[in-house]
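Okay, here's what each chain looks like letter by letter:
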Amino acid sequence: MALLPVLAHRLAALATVLFLTMVALTAAAVLVLAGGGAAFAQQAQDQGPANRLFVQAMQMIRQADNTYDVAEESRLLKDADKLLNEIVVKYPDSPLAVQLVTNQFVGDFDFYEFRSRIRALVCNEPLTSLCFLHRVGEMLPPVETPITAARWDWLSLAVAYNTVGDGARAKEIVAPFVSAVRRGAAADGAGQDLFVARALALMGQTQLALDITRQIPDCSTRIYNLADIAKAAAWRNDVNLTVQLAEEAKAYATARGCSWELGLVAQALLRAGKEAAARTLFLNTVETQFSKFRETKGDCCPPELAVAAAELSDSNLALNLLRTVQDENPWAIPAVLGRLARRSDAAVALAYAEQVQDIDIRGESFAELIEAALKRGDGTTAAELMKRLNRMVDEAAGRRPALLAQKAKAEKAMYGDDRWRTTFQSSINAAERASNFVRRDIGAPLLSALVRIETGLPMLD
C-alpha cells in the first residue's frame, strides 16, 4: 500500500510533463503558422504589383479587341505590351514573369501569339518595308532547333531588318545562328559556317564575321567569306580593309592551292582597286581551267569565273564561260549580263537575255539591263526595256512573285519614287496565294530584291 502515494506522485509528475509538452508544441505550432502566414502574406504582397499590371494589360487588350479604330487598337496593344514587359523587368521573381518569359499560357492568354500580333501592327501601314518584311517572314519555313543547317532565308531576313532600321529584330533572328556556329553544332566536316559570317558582315559586325571566318579551313567557305566581307567593306568605303581582305584571300588561295575560288579572288582584287593583279590572276585561271574544259569536256569552272570575265574580259569569253555554268548556276545569268551591259556591248547582253528560257531569270536579267542602261545615261533604252518587262509581267497575269519583285526593282531604278511599293506588295500577294512549294523558296529572292531596292546594292544576291 505504501507504493500507492509514490505511484500517484509519479503519475502526477508525468501528467504535468505531458501537459507542458503539449503547451510547448501548441505554442510552436502557433508560431509556425504565424510565420507561414506572414510568409504567405509577404508572397502575396510581392506578387500583387505583377498581378495588377497583368490585369491592366488584359483590360487594354480587351479594349483593343472591341474598337474599330486602327490607331486606337495599335495604341492599346502597344501599351499592354509595355505593361507585360514591365512585369518581366521589375518583378522577375514572380510566377507571372516566368510564364511570360517562357511563352506559357496564363489562363487562356497566349503571350507568344500576342507578340506576333504586336509585330503585325507594322502592317497597319501596308506599303512600308517593315510590313513587307513581316509578311515575308510569315511565309518562311520555321527554323528547326537545334540549328544544324544553313538557312540563308532567315539570315537574309535578319540583314533586311537591319537594313531598314530594326536592329533589335535583326539581332533576335541572327543570334541563335551565331550561337550554333560558336558551339560547333552548325559546322559540318568541311567547315561550313551556314552563311553566318557573311550575314554578320552585311550587318556591320565585321570583326565577329572575321573571327568566325578565320577558324574555317575549307577553301570555298573561307574565301567566299573573305570576299564578301571585303565587298561589305567596299560598300562602306573602308578602302584599307577592302585591300587587306582581298590580299588575305589571295594569299590563302595560294598557300592552300584553292584553284576553284580564283575567280572570286580576282573579283575581290578588282574591287580593291588592284586591276592589274586581278587581270593577271584571271587570265592565268582561264588558261588553266577553261582550256582544260575544252580539251576534256569535264567540269569547267565556277560561276564566279564567268562573273569575273564580265568585269575583266571581252564579251565573247564572258558569254562562253556563262554558257558552261548557267544550267547549274542560273543566278549567274543576270549577274554576268548586267556587268557586260555596264561596261561593254549592251546589245550582246540583251540578245543573250532574250534567249533565256526561265521567265523569272529573264525578268531579273531585264531588270539588270535597265539599271545598266540608266547608269550609262541611256534613258531611251531603259524605257524600252521597261516596256518589255511590263509585258512579261502582264503575260504572267500576276502569278509570278519573283518576276513582280524584279519589276519593282526596275521601277525603283527607273523612276526613283515609291510606285515600286505597290508592285512589291503585289509580289507578296502572289507569293501568299501560291503553292506551298513556291512559298517555301520565294523568301530569299523577295528579300534580295527588297534590300537591293532599299540600298541600291546587291547585298543578298
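Cut-offs used in this document
- Residues numbered from 1 in each chain as written.
- Predicted model: local features only at pLDDT ≥ 70, side-chain atom pairs only at ≥ 80, totals over all residues.
- Heavy atoms only, no water.
- Helix = DSSP H or I, 4+ residues; strand = E, 2+ residues; numbered from the N terminus.
- Buried < 20%, exposed > 50% of the residue type's maximum accessible area, 1.4 Å probe, protein only.
- Contact = heavy atoms within 4.5 Å.
- Areas by Shrake-Rupley, 256 points an atom, 1.4 Å probe, with all protein chains shown as cover.
- Salt bridge = Lys/Arg side-chain N within 4 Å of Asp/Glu carboxyl O.
- Phe/Tyr/Trp six-rings, centres within 6.5 Å; stacked < 30°, edge-to-face > 60°.
- Lys NZ or Arg CZ within 6 Å of the ring centre and 35° of its normal.
- Arc of directions from axis to C-beta.
- Polar contact = N/O pair within 3.5 Å; in protein donor to acceptor, adjacent residues only side chain to side chain.
- Axes fitted to C-alpha atoms, helices over the stretch in contact; angles between N-to-C directions.
- Parallel < 35°, antiparallel > 145°, perpendicular 65-115°, else oblique.
- Left-handed = near helix turned anticlockwise from the far one by under 90°.
- Nonpolar A, V, L, I, M, F, W, Y, C, P; charged D, E, K, R; others polar.
- Disulfide = S-S within 2.5 Å.
- pLDDT = per-residue confidence, 0-100.
- Core = buried A, V, L, I, M, F, W, Y, C linked by side-chain atoms within 4.5 Å.
- 1 Å grid on protein atoms, 1.4 Å probe; cavity = no way out; pocket = protein on both sides within 12 Å on 5 of 7 lines; lining within 4 Å.
- Points joined across faces, edges and corners; volume = space filled by probe spheres on them.
- Expected span 1.5 Å × (residues − 1).

Helix and strand content of the protein chain: 22 helices and two strands. Within the span of the protein chain, comprising 461 residues, buried residues form 43% of the whole. Contacts in the protein chain between residues at least 24 apart in sequence constitute 60% of all its contacts with a sequence separation of at least 6. Total accessible area computed for the protein chain in this model is approximately 23,600 Å², and 55% of it derives from carbon and sulfur atoms.

Our next topic: the pattern of salt bridges. Counted by the stated rule, this structure contains 30 salt bridges. When the shortest N-O distance is used, the salt bridge between Glu172 and Arg169 registers 3.2 Å. Within this pair, Glu172 and its partner Arg169 are both found in helix α7 (residues 167-182), separated by three residues, close to a single helical turn. In this structure, the salt-bridge partner of Glu368 is Arg452, at a minimum N-O distance of 3.1 Å. Linking Glu368 in helix α18 (residues 359-375) with Arg452 in helix α22 (residues 436-455), this pair joins segments that are 84 residues apart in sequence. For the pair shown, Glu368 and Arg452 are each scored as buried. Residues participating in the shared-partner salt-bridge network are Arg342, Glu368, Glu371, Lys375, Lys409, Arg452 and Asp461.

Here we take up the packing of aromatic side chains. Applying the stated rule across the entire model yields eight aromatic pairs. Ring-pair connections join several aromatic residues into one group, and the members of that group are Phe54, Phe109, Phe111 and Phe114. Geometry around Tyr415 places Arg419 over its ring, the cationic atom sitting 3.9 Å from the centre.

Turning our eyes to something else, we now look at helix α4 (residues 111-119). Buried residues of α4: Phe111, Phe114 and Ile118, and no others. Buried residues in α4, looked at end-on, bunch into an arc of 55 degrees, giving them a common side. Its side-chain oxygen 3.1 Å from the backbone nitrogen of Tyr112, Asp110 forms the N-cap of α4.

Right, let's get into the environment of Val98. Summarising the element assignment, Val98 is placed in helix α3 (residues 95-101). Val98 sits in the partly exposed class, given a relative accessible area of 43%. Note: C-alpha distance between Val98 and Val88 (10 residues apart in sequence) is 7.7 Å. If we skip the residues at most four places from it in the chain, Val98 touches Pro92 and Gln104.

A word on the packing of helix α6 (residues 152-164) against α22. One can describe the packing of α6 onto α22 by two numbers: an axis separation of 9 Å at closest approach and a directional angle of 20 degrees. Here α6 is positioned roughly parallel relative to α22, judged by the angle of their axes. Judged by the sense of rotation from one axis to the other, the crossing of α6 with α22 is left-handed. Packed against α6, whose contacting residues are Asp153, Ser156, Leu157, Ala160, Thr163 and Val164, the element α22 presents Ala444, Leu447, Val451, Glu454 and Thr455 at the interface. In terms of residue class, the contact of α6 with α22 is made up of six nonpolar, three polar and two charged.

Turning to the side chain of Glu371, a few remarks are in order. Among the secondary structure elements, Glu371 is positioned in helix α18. Here Glu371 falls in the buried class, since its relative accessible area comes to 13%.

For the rest of this paragraph, the subject is the state of the cysteines. Counted by the stated rule, this structure contains two disulfides. Across the disulfide from Cys123 sits Cys131; the S-S distance is 2.1 Å. Judged by the torsion about the S-S bond (105 degrees), the Cys123/Cys131 disulfide is right-handed. For Cys131, a relative accessible area of 2% corresponds to the buried category.

In this section: the confidence of the model for the protein chain. Here the protein chain shows a mean pLDDT of 87. Residues at 70 or above account for 86%. Every residue in residues 187-191 scores below 50 in pLDDT, and together they form four contacts with partners more than four places removed in sequence or on other chains.

With that settled, the discussion passes to the nonpolar core. Grouped together as the largest cluster of nonpolar side chains are 118 residues, with contacts concentrated most on Val196, Phe282, Leu322, Leu337, Phe424 and Leu446. Broken down by element, the residue count for this core peaks at eight residues, all from helix α10 (residues 219-235). Aside from chain neighbours lying at most four places away, what touches Leu322 is Ala306, Ala332, Ile333, Val336, Leu337 and Tyr352. Leu76, Ala80, Val106 and Phe114 belong to the second largest nonpolar core, which has 22 residues in total.

Reported here for the second largest pocket is a volume of approximately 1,200 Å³. Of all the secondary-structure elements, those providing two or more residues to the lining of the second largest pocket are α2 (70-90), α4, α5 (129-139), α6 and α7. Class assignment of the residues belonging to the lining of the second largest pocket gives a composition of 16 nonpolar, eight polar and 10 charged.

If you check α2, its first and last C-alpha atoms are 30 Å apart, about what 21 residues at 1.5 Å a residue would give, namely 30 Å. When we look at burial in α2, the residues that qualify are Ser74, Leu76, Leu77, Ala80, Asp81, Leu83, Leu84 and Ile87. N-cap assignment for α2: the residue whose side-chain oxygen lies 2.9 Å from the backbone N of Ala71 is Asp69.

Relative orientation of the contacting elements helix α17 (residues 346-354) and α18 amounts to 165 degrees, with a least axis distance of 9 Å. Between α17 and α18, the crossing angle belongs to the class labelled roughly antiparallel. With respect to the hand of their crossing, α17 and α18 are arranged in left-handed fashion. Across the interface between the two elements, Ala349, Leu350, Ala353 and Glu354 from α17 touch Arg362, Ser365, Phe366 and Leu369 from α18. Its residues assigned to classes, the contact of α17 with α18 comprises five nonpolar, one polar and two charged.

We now examine unusual backbone geometry. Here the residue pair Thr145 and Pro146 is connected by a cis peptide bond, since its omega of 0 degrees sits within 30 degrees of zero. In this structure, Pro146 sits in the loop between α5 and α6. Here the phi dihedral of Ala397 falls at roughly 55 degrees; this positive angle occurs in a residue that is not glycine. Here Ala397 lies in the loop between α19 (379-396) and α20 (401-415).

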